[in-house]
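So the chains spell out like this:
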Amino acid sequence: MVEKASQLPDSAESTTVVVIGAGPAGLTVATLLRRSGIDCVVLESRSRDHVAQRQRAGIVETRAVRMFDSWGLSDRVLGGVPYDGILEFRVDGRSRLVSDSDGSEGPAARLCPQQVLVQKLTGTYLEDVGDLRFEAADVSLHDLSGDRPTVRYRTADGTPRAITCDFVAGCDGDHGVSRTAVPEGELTAYAFDHGIGWLTVLADAPPPAHPLLAVSRQGFAAHFPRGPHSSRYYLQCPPDDDPGAWSEDRVWDALRTRLGDPGLVSGPITDREVFRLRSLVHEPMQYGRLFLVGDAAHIVSPMGGKGMNLALYDADVFARAVRAFGRGDDSALSAYSARCLRRVWNDQEFSHWLTRTLHDAGDAEPFLRNLARARLDRLFTSRAASEAFAEMMTGLDPTGDASQEVPGNLSGVGGD
Ligand code: RFL
């Protein structure tokens, strides 16, 4: 329900942008706004420790690395190590290496676990004297269709607070409050459920030489680096499977079989969960003065590693648009939703294609399996197909590349 700002405490603070959520999207928006000298306040419902430990994505794609580079931030916010751009596909135990580097000049993708990016963005934003408030409870959005929306919340000790602003950046993920503040009927949701589950396992076990995607009749499996001594594994399973039904022995046996690697070295499992492969897009990504950024607007099935990278794309487009607004040009804010959605659908299509190909090539009915295997064959043998694949993996396809625009004065906080 949209409440009225007239119920606000008299002591409402004021800023330019209230950012809701301190994940990759919110922290990137806030860091880029600070770099542009634009005031903002970040409200995060969880503690700093909790946010800093959340492990999900592992690769910052080339486009996103160059985006941070264009803001003069890549050394500060990107940890991890350069990625050699080689992906391994293993089909029935047979290895095929595919390059996802497009050979262009400039910095390339990095193996940078999501929690490392979040920790570094948090540190950078706070060093830039950014305002970041953890454990903000009961966040609610008001007057989004007016000129000065208000965001209300409670501090950790229960004190009610209110902040008025020019814009709200809804960066609070799929289960946040920002999207639910939009009146019913204003957004359209496009959802797709692959009917596939993945058991995902984090373990203190040696990473693979290259990110590894394995196809076999026993089902899909994958092995990704998450640090010098840690790995994330995926095993296809029924979407409602119980993670508790996967004992350590069962996990390692299934991985050795599906990866075609009887010698796979195991290690202590630190986390395991089952999730459904699903895709979701909300259109438009704007309502009044609220702009949805990252998972708050869209979920991409993890195949292809696009979710976090799309969040970084949205954040960049939004920050540049707010900066242009400050200079009297509101065209980029007006175009925000359409511009982001073009890329969102582009990446959804890639993720869908790769999800279908790698699952169908394993355990689908024979006709679909042969189609999927023909697609893989083309990827392994056709130069044009492998170049198109590399273009999508790097994110350097021409679908709305905001980083081509040169940021203005980046000499420091308080710049332009
Ligand atoms: P996040 O990361 O969910 O952050 C949202 C933040 O908002 C806070 N929040 C609130 N704050 C204030 N008030 C409220 N009411 C709030 N409600 C929520 C939350 O505490 C949180 O701090 O969204 P963001 O920033 O848009 O970032 C999106 C990415 O996290 C997501 O797309 C990726 O993790 C997806 N993803 C992957 N993406 C990749 O690019 N490559 C990958 O390899 C990859 N692997 C994955 C993934 C997601 C996974 N999960 C979640 C199923 C692997 C897994 C297992």
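What counts as what
- Residues numbered from 1 in each chain as written.
- Predicted model: local features only at pLDDT ≥ 70, side-chain atom pairs only at ≥ 80, totals over all residues.
- Heavy atoms only, no water.
- Near = heavy atom within 4 Å.
- Polar contact = N/O pair within 3.5 Å; in protein donor to acceptor, adjacent residues only side chain to side chain.
- Areas by Shrake-Rupley, 256 points an atom, 1.4 Å probe, with all protein chains shown as cover.
- Helix = DSSP H or I, 4+ residues; strand = E, 2+ residues; numbered from the N terminus.
- Pairing = 2+ DSSP bridges.
- Contact = heavy atoms within 4.5 Å.
- Axes fitted to C-alpha atoms, helices over the stretch in contact; angles between N-to-C directions.
- pLDDT = per-residue confidence, 0-100.
- Core = buried A, V, L, I, M, F, W, Y, C linked by side-chain atoms within 4.5 Å.
- Buried < 20%, exposed > 50% of the residue type's maximum accessible area, 1.4 Å probe, protein only.

**Focus: the site of the ligand**
Turning to step 1, where the next piece is worked out: Taken together, 32 residues lie near the ligand, and E44, R54, Q114, D295 and M308 sit nearest.
Turning to step 2, where the next piece is worked out: In the environment of the ligand, an oxygen atom lies 3.0 Å from a nitrogen or oxygen atom belonging to the backbone of G305.
Turning to step 3, where the next piece is worked out: Out of a free accessible area of 1000 Å², the ligand has 86% covered by protein chains.
Turning to step 4, where the next piece is worked out: Broken down by secondary-structure element, the contributors of at least two residues to the shell around the ligand are α1 (24-35) and α7 (307-326).

**Describing the sheet that holds strand β20 (residues 290-292)**
Turning to step 1, where the next piece is worked out: Strand order in the open sheet formed by six strands is β9-β3-β2-β13-β20-β19, and the pairing between neighbours is mixed. This sheet does not close on itself; its edge strands, each paired only once, are β9 (131-133) and β19 (286-287).
Turning to step 2, where the next piece is worked out: Where strand β13 (residues 167-170) meets β20, three bridges bridge the pair, whose relative direction is parallel. Among the inter-strand pairings, G170 is bridged to a residue of β20, identified as L292.
Turning to step 3, where the next piece is worked out: Those strands touched by helix α5 (residues 114-127) are β3 (40-43) and β9, and its axis lies near 130° from that of β9.
Turning to step 4, where the next piece is worked out: Those strands touched by helix α8 (residues 331-363) are β13, β19 and β20, and its axis lies near 35° from that of β20.

**Description of the confidence of the model for the protein**
Turning to step 1, where the next piece is worked out: Per-residue pLDDT for the protein averages 92, and the proportion of residues at 70 or more is 93%.
Turning to step 2, where the next piece is worked out: For residues 402-416, every residue scores under 50 in pLDDT, and the model assigns this stretch 34 contacts once sequence neighbours within four places are set aside.

**Here we look at the nonpolar core**
Turning to step 1, where the next piece is worked out: Counting residues in hydrophobic clusters, the biggest one holds 73 residues, and the most contacted among them are V17, V29, F68 and F318.
Turning to step 2, where the next piece is worked out: Ranked by residues supplied to this core, first place goes to α7 with eleven residues.
Turning to step 3, where the next piece is worked out: Excluding anything up to four places from it in sequence, F318 contacts V17, V29, F167, A169, F291, L333 and Y336.
Turning to step 4, where the next piece is worked out: F224, F350, L358 and M393 belong to the second largest nonpolar core, which has 28 residues in total.

**Quick notes on unusual backbone geometry**
Excluding glycine, a negative phi dihedral is what most residues carry, and trans is how most peptide bonds are arranged.
Turning to step 1, where the next piece is worked out: Cis peptide bonds are those with omega within 30 degrees of zero, and the linkage from E283 to P284 qualifies with -10°.
Turning to step 2, where the next piece is worked out: Among the structural elements, P284 can be located in the loop between β18 (269-283) and β19.
Turning to step 3, where the next piece is worked out: With phi around 50°, D92 is a residue other than glycine that occupies positive phi space.
Turning to step 4, where the next piece is worked out: Summarising the element assignment, D92 is placed in the loop between β6 (86-91) and β7 (94-99).
Turning to step 5, where the next piece is worked out: On the accessibility criterion, D92 (47% relative accessible area) is partly exposed.
Turning to step 6, where the next piece is worked out: One non-glycine residue with positive phi stands out, namely D138, at about 55°.

**Here's the deal with the pairing of strand β14 (residues 188-203)**
Turning to step 1, where the next piece is worked out: By the bridge criterion, 13 bridges tie β14 to β18 in an arrangement that is antiparallel. Bridge pairing links A189 to H282 in β18.
Turning to step 2, where the next piece is worked out: Pairing of β14 with strand β17 (residues 230-237), which is carried by seven bridges, proceeds in the antiparallel orientation. Each residue of the ladder has a partner; that of G197, found in β17, is C237.

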